[in-house]
Structure formats: C-alpha cells, structure tokens
Amino acid sequence: MRGDGRVRRGPSGGPPPAVPADAARAAEVRAITESSRSLRGPLLPILHTVVERFGYVSDDDIPMIADVLNLSRADVHGVVSFYHDFRRTPAPSHTVTLCRAEACQSVGAGALYAATAERFSEDSGVEVGEVFCLGNCALGPAGMIDGRLHGRLSSDRIEALGEGWTR
Amino acid sequence: MSTVWVSADSAATSVGADEVAEALAVAGITVRRNGSRGMLWLEPLVEVETDDGRVGYANVAAVDIPALIAGGLDGGEVDGLDRIGVVAEYPWLARQHRVSFARVGVTEPTDLTAYIDNGGYAGLARALSLAPEQVVTEVTTSGLRGRGGAGFPAGIKWETVRTATADVKFVCCNADEGDSGTFADRMLIEGDPFTLIEGMTIAAHAVGATEGYIYLRSEYPAAIAVLRRAIDIAYARGYLGAGIQGSDLSFDLEVRVGAGAYICGEETSMLESLEGKRGEVRAKPPIPALQGFFGRPTVVNNVLTLGAVPMILADGGEAYAALGVGRSRGTQVFQLAGNVARGGIVEADFGVTLGELINDFGGGTRSGRPVRAAQVGGPLGAYLPAARFDVPMDYEALAAADAMLGHGGIVVFDDTMDASAMARFAMEFCTKESCGKCTPCRVGSVRGVEVIDRIRAGTDRDANLVLLQDLCTTMTKGSLCAMGGLTPMPVQSALTHFPEDFTGGTP
Ligand SMILES: Cc1cc2nc3c(=O)[nH]c(=O)nc-3n(C[C@H](O)[C@H](O)[C@H](O)COP(=O)(O)O)c2cc1C
Ligand code: SF4
Ligand code: FES
C-alpha cells in the first residue's frame, strides 16, 4: 500500500533549492504549496494555483514545490510535463484555443484552425492553440478565447472578437 | 411583469445568453438563470413565465430584447422572434423520457429548495432508511450499467467495495468527459448539480465511504464553479459533512480539476492524477474497487451513472429496470453533435434506433446536405454509414454492429466527410493523448499516421492497407488499456464502410 496520501513534511531529501530569481514569487509559491500540503494528493491543485496566479510554472517553482512536498524535482517535473495545462512560459496577451475534435471538424473546424493560425502567425501577442473537445459539440466550431467559451465560430467572428485587442 | 428565464449553461452562454440576460436585467426585468433544456440549436432560448407555463423564444439576441419587452412579455407572438410555444410541450422535448435530466433547464441549478421541491433528496432519504446492502441491492436490481463507456454493472462494483475492509474507502466521480461529441456530464453538473452530489452521498452510504472526489476536467470552468457552489450549499444545509440529515452518515466531498489530458478519463489514470502523479494507466488487477485511490477500496463511476442513482433509490430499482431493452436497462442520455440540424440532449429508453435519433430528433445535417455517417461513442467509437442507422442503441446491439455506445455521443457528418482523413485523425489523436506506457499504443499510433498518409498519397496502396490492418490488430491485442486498444475501431470501421475513401491519390 502506498500510504494514505497525506503528505507530511519529513527531513528534506536533497540539497536546498538554488536561490530563486524572484524572491517574492518564491515566497508565494512556498505559501501556496504549504497551504495545500494537507490535501490528499496536493500536487495538481498546487500547480493549478501557481498557473492561475502567475500564468505558468517557472523553473524555480519546481524545486520549491518539490522541497515543501518532500518529492524529488524529477517527480514534480515529470508531473508538470505530463499535463497540457501546466504551461512553462509566460502566457501571451491573448489566447485563441480552437477545438479540433471530430464534432467540430464535421462543421469545418479544420479549415478554421488553419486559417486562424495563419491569421495570427506574425502576431506574438496572440497564441493560437488546439484543444480536443470543449463540451460544446452541438454548436461547433467551438473555441475558448481569452478563457471564454464560444460556439458557432467563424473567421469573421474571431476577427470581431479580437477587434479591440492591444498587443 | 413576468419573470423571464435565460439559460446560464455554457453552451447557451457560448452563443450570447449572458448578453441577453444582461439586456433584460438592465431593462428592469426579473431574470432567472436555469440550466439548458438541451435544445441547443435554439439557444439562446428565452422563456417567459405565463399562466400556461413557460413560453419560449428561440435564438434570441440582445438586440431583440426591446422588441420582446414591447410585446408585453405575455407569451404571445412577437414580430421578428421565433416563438416556440410552451417549452415543456415542445414536441422534441415532450417526446423524450427525461429521468436523469428531469430538472435540468427547469430549475435554478444551485437552488437547493427547488431541488427538494422537485423530488430531490427523496432518494437519499429512502437510502438512509435502508441498510447499506439493501441500497446496493436496489442498484443491482435496477440493472444500472456504467455510463462512462465500459458499461460495467454498477451494483456489482458497489458490492465489491462494500464488502472490502479498509481504514478508509472512497467514492470518486469520473467527470473527465473527454470524448468529442459528449457534453451530458457537463450539462448535468451545470444544470442540476445536486443530483450528482446526492448520488455520490447514496454511494457513500452503500459502500461505507467517508470521502468523495469529483475529477472534473479543466476545460469546463463553468461546471467547476457551479459544482463548488452547490457543494458549499449542501454543506451549509447539512447534506454533506458529519451526520448528514441527522443520520450516522458522514461524507466529505471535494472537486479536483483535471489538467488537460484525455487519458485521465481512464479510471486508473484518473486515480494516478488525483494522487498528484502523471496520468499513467495502471495495470489491472488490482481493480480500483479493491485498491483504488491511495490503494483503498474506491467506487469509480461516471457522472451519469451516479446521477441515475437518486431516482433509482426514490422510485425503486424495479421501476428503473422496467425501462429499456435486454441487458440495457433504464434511460440513456444521448448527445447529438457535429453536423446536425437539431443538436442537443435526447434522453430516451434504451432501444431507440440511431436513425430515429439522427433523423427524427436531429433533423439531418446542419449543412442541409445528406447525412453520410455518424461516429458513435466518442473518438474510440465506430463510424457507421447511413445504411446502418437501423441499429438499436443498446450495448449488445451496437457491439454486434462492431460499434459501441461509449458515453452516448453521436457525431453526425454530411457527404463531404473524408473517411480516410477521419481514420488518420483517430491515429493522430492517439499519438497526442497516449500515456506512453505501452509500445503498441505509443509507437503503433505514430506508425498508423504514417501508413494512412501513404495510403492517402497512393503509395504502395495494397501493401500499406495490409500493414494498417496488421497494425490495428497489434494495437487491439497488445495495448494495456482501451486508448490503444480501441483506436483501431474508428480506423477499421472507416475502412470497412467507406473503402472508396482509401483509394489514394484521388482528391
Ligand atoms: C481512454 C479512455 C478514456 C475514458 N474517458 C472516460 C471519461 O471521460 N469519463 C468516464 O466516465 N469514463 C471514461 N472512461 C471509462 C473509465 O475507465 C471507467 O470505465 C469509468 O469511469 C467507470 O465508471 P462507470 O462504470 O460509471 O462508467 C475512459 C476509458 C478510457 C480507456
Ligand atoms: S494503451 Fe496507450 S494510453 Fe493505454 S496504457 Fe498503453 S500507452 Fe497508455
Ligand atoms: S468536439 Fe468541439 S466542442 Fe466537442
């Protein structure tokens, strides 16, 4: 049996984390980690909170989280790299994440994705990404634009939604 | 003036329902936010309360609100608006058999009083009057099978957990709903979250669990918010926590958010993820019912499985078993998606045919072109041609047609569908979403994409078709889980039913 899942702080396994570049961020990541430590299986909730707060998981966050949870850096790194949600670079000003799964493909999502990627290819402030199903499959093509779900999308509609964007 | 209802479901808000509600509120109208009735092609659907019931207007935009208000909000015809009459009597809805979705679209999702007034928590009340083994017996009697895809009998799983001994047991709800063409879990959670909470509480009593977790995908932010609010309310009103409703039952419940990995819908991968690890699939045995979350006996059930439980306990297992056909008992929540004119939720007794769903309910394609095929049961499900739409929608009949029900999603395609492109996509999806643990899936899918590309290009077509079939056999036989094991299903069904799309070289 693998224990009961509650993480307890034990003697630190490895050397202390190197001095992080951003001390304020490091302190906050430590606080986030400590406040979730008593959960069963706290790592995903912690990583979600870090991404919500800072937009991404930085190289310095990983040893910090590992230290508090008494895990190896490789363990934490392995988890971060497994999941799409835990991005490793700062988020751009705007994100257009289009569904490319079957139901949306049946109403033209493939062409819409290609056209949108092309439309913003020169624009470093807008990141066009793909996702497989947003649960809006009767009103496709679907997409998340700056975190908000849209249905019946078209190039014109995306253009209109992006009109006021500064970047 | 009349109260007006506007859905807050995320499908409705994805096409402007929030703006409609806002325009009404600004004009001083009392607006209430329900879930969606599941008639998604009509959204935003605005419902005006009248003495005859709630009268609906379809596809309303914020700019239509002045006209609607000028019309007097009396439920009558309004120039320029599509009035559909009393919503509950609308034939598309009235023809369904709403059991799990009885309250969705009717009540405000987090109004616990309305939930109880509409039959909610009657199931828990009865369950608490029964011994745990009697509760399991009711579920076994109902014939309820898992709605997440595999169709395993829920009562048998619960009995395994109930009779296991451990320091702690868990109930984990699988709300990862990653299949393209499915959205019923999301809509039940957004539209009637207490149904799931009640179902999990009954499961806890039945098996002796004290903690529950709902693994809800991060792609569903609105569902996460609604469910967390509902859980807070349930705690505040004594429906969660210690000594639920004065009984001995204590049950704590928490939402955990997924992180964008399809494979985490596979139950052992989900448990790994809940434990804070990479979502790699575990070898079975041991089964989760005996060694699940942190090695303890764990019920893992889909949202719709658990959502059916309150009614089963309230009305008795026999009543549920009286619905459906053969070994598929009760109702199934079908989801009509893709290129379909009238997409949404159709809850019907098992045994309705695929053609009735796509043609009678769905009204054919949205594009107006002929229906060519439907993919049934998600990305690992088969493509069926229109000629096979007479298949009854139950577990056994679909299996006999080399297809599967999966989570009940039906994705419609018109005659512009390219079956070899869809087969290629199935392999591509597997390369992206494989957990990487076993070779047939991880490497086989990459090879699959290459081979299909060669077939599509017309290179050594016959040899590559043989290679593709061999590859499918290897994946089916050699994969640890159904991700690699079932990816061949869409590929081979496309080959079987649409061989003309694999002739290669032609546009
Ligand atoms: C690749 C893969 C993805 C799956 N995704 C889901 C899912 O999103 N939701 C779900 O309930 N079950 C999913 N399942 C099925 C689960 O493994 C499991 O059978 C189910 O959660 C058990 O609950 P049930 O008996 O109530 O259906 C998936 C299975 C596989 C192989
Ligand atoms: S079949 Fe694919 S997803 Fe399943 S365990 Fe093997 S590698 Fe992982
Ligand atoms: S397939 Fe695009 S939202 Fe489901």
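Conventions adopted
Residues numbered from 1 in each chain as written. Chains lettered and ligands numbered in written order. Predicted model: local features only at pLDDT ≥ 70, side-chain atom pairs only at ≥ 80, totals over all residues. Heavy atoms only, no water. UniProt positions renumbered as here; feature names shortened; annotations may be inferred. 1 Å grid on protein atoms, 1.4 Å probe; cavity = no way out; pocket = protein on both sides within 12 Å on 5 of 7 lines; lining within 4 Å. Points joined across faces, edges and corners; volume = space filled by probe spheres on them. Helix = DSSP H or I, 4+ residues; strand = E, 2+ residues; numbered from the N terminus. Nonpolar A, V, L, I, M, F, W, Y, C, P; charged D, E, K, R; others polar. Near = heavy atom within 4 Å. Sits in = over half its atoms within 2 Å of the grid points. pLDDT = per-residue confidence, 0-100. Contact = heavy atoms within 4.5 Å. Buried area = accessible area lost by both parts, 1.4 Å probe. Salt bridge = Lys/Arg side-chain N within 4 Å of Asp/Glu carboxyl O. Pairing = 2+ DSSP bridges. Axes fitted to C-alpha atoms, helices over the stretch in contact; angles between N-to-C directions. Polar contact = N/O pair within 3.5 Å; in protein donor to acceptor, adjacent residues only side chain to side chain.

- As annotated in an unreviewed UniProt entry, chain B is Formate dehydrogenase from Nostocoides jenkinsii Ben 74.
- Under Sequence similarities (unreviewed entry), UniProt gives the following word-for-word description of chain B: "Belongs to the complex I 51 kDa subunit family."

- Naming follows an unreviewed UniProt entry, where chain A appears as NADH dehydrogenase I chain E of Nostocoides jenkinsii Ben 74.

**What to know about the layout of surface pockets**
- Approximately 1400 Å³ is the volume found for the largest pocket.
- Forming the boundary of the largest pocket are 45 residues, of which Val51(A), His84(A), Asp85(A), Ser218(B) and Glu219(B) lie nearest the centre.
- Of all the elements in the fold, those that place two or more residues in the lining of the largest pocket are helix H2 (43-54), strand S1 (94-99) and strand S2 (126-131) of chain A together with helix H11 (221-236), strand S8 (252-257) and helix H17 (419-433) of chain B.
- Counting residues per element, the lining of the largest pocket draws most heavily on H2(A), which supplies five residues.
- Taken as a whole, the second largest pocket spans an internal volume of roughly 1100 Å³.
- Breaking the lining of the second largest pocket down by element, the ones donating at least two residues are helix H8 (154-163), strand S9 (298-302) and helix H20 (482-486) of chain B.
- No other element matches the four residues that S9(B) contributes to the lining of the second largest pocket.
- Partitioned by chemical class, the residues of the lining of the second largest pocket number 17 nonpolar, 17 polar and ten charged.

**Observations concerning the site of ligand 2**
Residue and element names in this part refer to chain B.
- Close to ligand 2 lie 13 residues; Cys435, Lys437, Cys438, Cys441 and Cys481 are nearest.
- When atoms are counted within 2 Å of each cavity's grid points, the one that captures over half of ligand 2 is the largest cavity.
- Class assignment of the residues belonging to the shell around ligand 2 gives a composition of eight nonpolar, four polar and one charged.

**Looking at the confidence of the model for chain A**
- Per-residue pLDDT for chain A has a mean of 90; in total, 86% of the residues score no lower than 70.
- Note on residues 1-16 of chain A: pLDDT is under 50 here. Beyond four places in sequence and across chains, it has 36 contacts.

**Regarding the interface of chain A and chain B**
- With 45 residues of chain A at the interface, the matching set in chain B holds 71 residues.
- The contact between chain A and chain B buries some 4300 Å² in all, and 54% of this surface belongs to carbon and sulfur atoms.
- Here chain A is connected to chain B by four salt bridges.
- When residues of the side of chain A that touches chain B are traced back to their parent elements, those giving at least two are H2, helix H4 (73-82), helix H5 (102-105), S2 and strand S4 (148-150) of chain A.

**A closer look at the sheet that holds S9(B)**
Residue and element names in this part refer to chain B.
- Spatially, four strands are ordered S8-S7-S6-S9 in an open sheet, and the strand pairing comes out parallel. Every interior strand has two partners, whereas the edge strands, S8 and S9, have only one. Averaged over all pairs of adjacent strands, the angle between strand axes in this sheet comes to 20 degrees, irrespective of strand direction.
- In the sheet, strand S6 (residues 170-175) pairs with S9 via five bridges, with the strands oriented parallel. For Phe170, the partnering residue across the bridge sits in S9 and is Thr298.

**Remarks on the site of ligand 1**
Residues and elements named next belong to chain B.
- As a structural note, the neighbourhood of ligand 1 is formed by 20 residues, with Gly148, Asn174, Asn301, Asn302 and Thr305 the closest of them.
- In this structure, Lys157 approaches ligand 1 through a side-chain N or O atom, which is 3.2 Å from an oxygen atom.
- Between ligand 1 and Asn174 there is a distance of 2.9 Å, counted from an oxygen atom to a side-chain nitrogen or oxygen.
- Mapping ligand 1 onto the cavity grids shows that it belongs to the second largest pocket.
- If you list the elements that add at least two residues to the shell around ligand 1, you get S9 and H20.
- Here the shell around ligand 1 takes three residues from S9, the largest share from any one element.

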